[in-house]
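# Coordinates in review
The primary structure of each chain is shown beneath.
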Amino acid sequence: MLHAFNYSFPATSVIAEAARKRLVEHSKSVEIDAEFLDLGRNTDEAHSLRTATFIRDKYGKHPPDLVITLGSNALPFVVKHRDLLPDVPVVFASISPQTYAAMRLPPKMTGIITAFDLAKTLSLAERLQPDASKLFVIAGSGETDRRWQPVARKMIEERGGKFETTFLFELPYSELVAELSKVPNDAIVILLTVFADGEGKTFVPAQVAADLSALSAAPVYGPYDTFVGRGAVGGFVETFESVGVAAAEMAIEIMEGADPATLAPRTNPAQHYRVNYRAMQRWNLKEKDLPPDTVVLFKEPTIWGQYRGTVLAALSVLGLQSTILGALLIQRRRRQRAEELLKESEERMTFAAAAANIGLWKFDRDTDELWVTEHGRALFGLPSDAPLTREAFLATVHPDDLETASRSLRNSFRTERSTASDVRIALPSGETRWIRMRARSYTESNGEPRQLGGIFVDITDQKSAEAETALQRVEIEHLMRVSALGELSGSIAHEVNQPLTAILSNAQAALHLLRQNAPDLAEIRGALEDIVHEDNRAGEVIHRLRSLLKKGERKVESININDLVRSTISLVHSELIGRDISVKLNLQDNVFLTRGDSVQLQQVLLNLIMNAMDAMASTPTTQRSILISTREAKAGMIDVLVKDRGHGICPKENGRLFEPFYTTKAHGLGLGLALCSTIIKAHQGKLTLVNGEGGGAVAGFSLPAQQPAFSSA
């Protein structure tokens, strides 16, 4: 590479470095040597000859395969001393069209022509400074500087006098500086090249551009890329890197076998508007006024421009994180809201349950843990911090109800239906409380329930009311029996008086026989046996009266219905005779057994018979009769029917006869049938009262029949 200038000349240094990189990139084995002709500072012929001799001596015996000339003065030097390397191809770079046109090149010389478009550089200045009216054009006195001068004058003339133009050509450098410092700040300054000033002092144009741009009172423009980086605003330029690459490409073609004579010189197309952003900022020039596709240099990139990919990635990550975080927050808020609603629902349910005196509970079979609401704990008298298990719960149950509670829990696991049982709880204070346990199992996926849940209801008040009602019912039943016996007092007295009279008669007869000289012992024995029989008869009557008059709890026992009917008839036998009422019994031969309180059932039957007698008060004497029958009803039930021949049941009375305190009798209380119905229901039976088909009324009740096996046991 032959440099026209010394090693410090920026333009040729940039071109050479770009060419070197491209050549090395193409072939790692390429060897590159460089010589600096230094023709800018040494323009005398002697220097040229000394340099040519040096080149000849150095490369004469070992010529290079190709020579690249750099800078406008290098190509004329090679042409002038073609004999130095006569057969070596030459590729020139950075030659203006004017220089190329003025030379007649020998064979094997071709290269890259740099077309500087000064008019476009001035157009750039006009766009950035549209109000400018004064133009200053600077050029030196060197050979290249002088080639620029006519080009600039012609271009200005073609503008038709738009600008008041001042040409600062070939001035001494000090004078040039002085003139430049006086230009108005709204003027346009075009710097061409200054290789030498008017006094012959040599310069490096790029350094001149830097110095003049710094001291100029107006923006400076130029046609070279090296000016842009040294303070000039910019221009329409081609980069010296692109010139070096274009020269290297042509050199590669030649070294690969292309004939240089067939490769015509090329114009580098890589020309653009290039501006210095910092210089524009200095002169307050607007970026929006730049031509399209202008390359803006030295502009500090924004974070977006410098780290666009990173910023986009970070924003994407942040956006994704924000989306995920937002989704998590929404989900968390929904879950919290659901938990709050669930908690509120549980609190309302717990409050409502406590207000209704209900405790909620849940039992886990696997963990043996029992959860109970605070009110549920209070029902059982358990402290709030006491651990709950199945055993701890059962420990509070009354010993008599412990089996009931255990059985209820076991059965609840065996069915999906809700179960209920009533148990007593023995509180630490000694108080007993009735609790109704309702439980239901929760079926798991494998069909095996592992948990129970339900409610505890305090039914102590209900149980107390039931007990009080039962006590009152017993009292009423007793009073009703006493009342009935009062009505039958005459008949009962007659029943008792008959055996007493017979006893007296037999006793008198026995005494009379004993006073005889030869008493008839057989007669006496017969009289005494009659006395014993009548005494038993009287005792039986008194026993039945005592049973009816006795007040106490219901006694469940096995009862023969037919015997019950007969004993009841014996109580009212005298009363029936007194009212001229005949009684017919139609008792089936089967042994009808049932379980219950014989006194209460006899009270029911006695009440029905007396009602039948009262109903026939207006019935002619010859027609007064009562039919009492027993029969086997539907499977497992026994019917007892009392049919009279009275007036029957009026339609308006039908349906109300079982209402408490409703009576058709002037002297009745209206409690008889209501009480009888309650007794029969308590024995799992049903009391009915209907009109008979042939007149009169038929009262009856059904009772469960006792199973023979159970009966025999």
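Rules used throughout
Residues numbered from 1 in each chain as written. Predicted model: local features only at pLDDT ≥ 70, side-chain atom pairs only at ≥ 80, totals over all residues. Heavy atoms only, no water. Helix = DSSP H or I, 4+ residues; strand = E, 2+ residues; numbered from the N terminus. Buried < 20%, exposed > 50% of the residue type's maximum accessible area, 1.4 Å probe, protein only. Lys, Arg positive; Asp, Glu negative; His and termini not counted. Salt bridge = Lys/Arg side-chain N within 4 Å of Asp/Glu carboxyl O. Polar contact = N/O pair within 3.5 Å; in protein donor to acceptor, adjacent residues only side chain to side chain. Contact = heavy atoms within 4.5 Å. Pairing = 2+ DSSP bridges. Right-handed = clockwise from strand over helix to strand, strands pointing away. Axes fitted to C-alpha atoms, helices over the stretch in contact; angles between N-to-C directions. Expected span 1.5 Å × (residues − 1). 1 Å grid on protein atoms, 1.4 Å probe; cavity = no way out; pocket = protein on both sides within 12 Å on 5 of 7 lines; lining within 4 Å. Points joined across faces, edges and corners; volume = space filled by probe spheres on them. Nonpolar A, V, L, I, M, F, W, Y, C, P; charged D, E, K, R; others polar. Arc of directions from axis to C-beta. Phe/Tyr/Trp six-rings, centres within 6.5 Å; stacked < 30°, edge-to-face > 60°. Lys NZ or Arg CZ within 6 Å of the ring centre and 35° of its normal.

### Regarding the side chain of Arg377
Looking at the secondary structure, you find Arg377 in helix 14 (residues 374–380). Buried and without a salt bridge, Arg377 has Glu374 as its closest oppositely charged side chain, separated by 4.4 Å. There is a polar contact of 2.4 Å between the side chain of Arg377 and the backbone oxygen of Pro383. Excluding anything up to four places from it in sequence, Arg377 contacts Val372, Leu382, Pro383, Ser384, Asp385, Ala386 and Leu388.

### Side note on the pairing of strand 5 (residues 109–113)
Counting buried positions along strand 5 yields five of five residues, so the element is predominantly enclosed. In this structure, strand 4 (residues 90–95) lies alongside strand 5, joined through four bridges in parallel fashion. Bridge pairing in strand 5 links Val91 to Thr110. This β-α-β element, strand 4 to helix 4 (residues 97–102) to strand 5, shows right-handed connectivity.

### Some points on unusual backbone geometry
Within the chain, Ser94 stands out as a residue other than glycine whose phi angle is a positive 65°. Of the residues examined, Ser94 reaches a relative accessible area of 14% and is grouped as buried. Even without a glycine there, the phi angle at Asn284 is positive, about 55°. One can find Asn284 in the loop between helix 11 (277–282) and strand 13 (295–297). For Asn284, a relative accessible area of 58% corresponds to the exposed category.

### A word on the sheet that holds strand 14 (residues 358–364)
Backbone hydrogen bonds are what pair the strands of a sheet, in a parallel or an antiparallel way. The sheet built from five strands is open, its strands ordered 15-14-18-17-16 with antiparallel pairing. Every interior strand has two partners, whereas the edge strands, strand 15 (369–372) and strand 16 (419–426), have only one. Here the average twist between neighbouring strands, direction ignored, is 25°. Alignment of strand 16 against strand 17 (residues 432–442), held across eight bridges, turns out to be antiparallel.

### Description of helix 22 (residues 598–615)
For helix 22, built from 18 residues, the straight-helix expectation of 26 Å at 1.5 Å per residue is met to within 8% by its first-to-last C-alpha distance of 25 Å. Counting buried residues in helix 22 gives 15 out of 18 residues, a clear majority hidden from the surface. For helix 22, the capping residue at the N-terminal end is Asp597, with a side-chain oxygen 3.0 Å from the backbone nitrogen of Val599.

### Looking at empty space enclosed by the protein
A water-sized probe rolled over the atoms picks out the places where empty space is left. This model, assessed by the stated rule, comprises three cavities of 30 Å³ or more. For the lining of the largest cavity, the residue count by class is nine nonpolar, one polar and one charged. Every residue along the wall of the second largest cavity is listed here: Trp361, Phe363, Leu370, Arg390, Phe393, Leu409 and Phe456. Among the secondary structure elements, those contributing two or more residues to the lining of the second largest cavity are strand 14 and helix 15 (390–394). Residue classes in the lining of the second largest cavity are distributed as six nonpolar, no polar and one charged.

### Some thoughts on helix 16 (residues 402–414)
The terminal C-alpha atoms of helix 16 lie 19 Å apart, and with 13 residues this matches the ideal 18 Å at 1.5 Å per residue to within 8%. Of all the positions in helix 16, only Ala405, Ser406, Ser408, Leu409, Ser412 and Phe413 are classed as buried. Taken end-on, helix 16 shows its buried residues confined to a sector of 155°, consistent with a single buried face. Buried positions along helix 16 lie against strand 14, helix 15, strand 16, strand 17 and strand 18 (451–458).

### Some points on the packing of aromatic side chains
To describe a pair of aromatic rings, you give the distance between the ring centres and the angle between the ring planes. Tallying each qualifying case throughout the model produces 18 aromatic pairs. Geometrically, the ring pair formed by Tyr173 and Phe203 is stacked, given 4.8 Å between the ring centres and 25° between the ring planes. Of this pair, Tyr173 sits in helix 7 (residues 173–181) while Phe203 sits in the loop between strand 8 (188–191) and helix 8 (205–215); the two residues are 30 residues apart in sequence, bridging distant segments of the chain. The rings of Phe116, Trp148, Tyr224, Phe227 and Phe240 are connected pair by pair, giving a single aromatic cluster. Lying across the ring of Phe167, Arg153 places its NZ or CZ 4.5 Å from the centre. When the ring centre of Trp434 is taken as origin, the NZ or CZ atom of Lys463, which lies over that ring, is 4.6 Å away.

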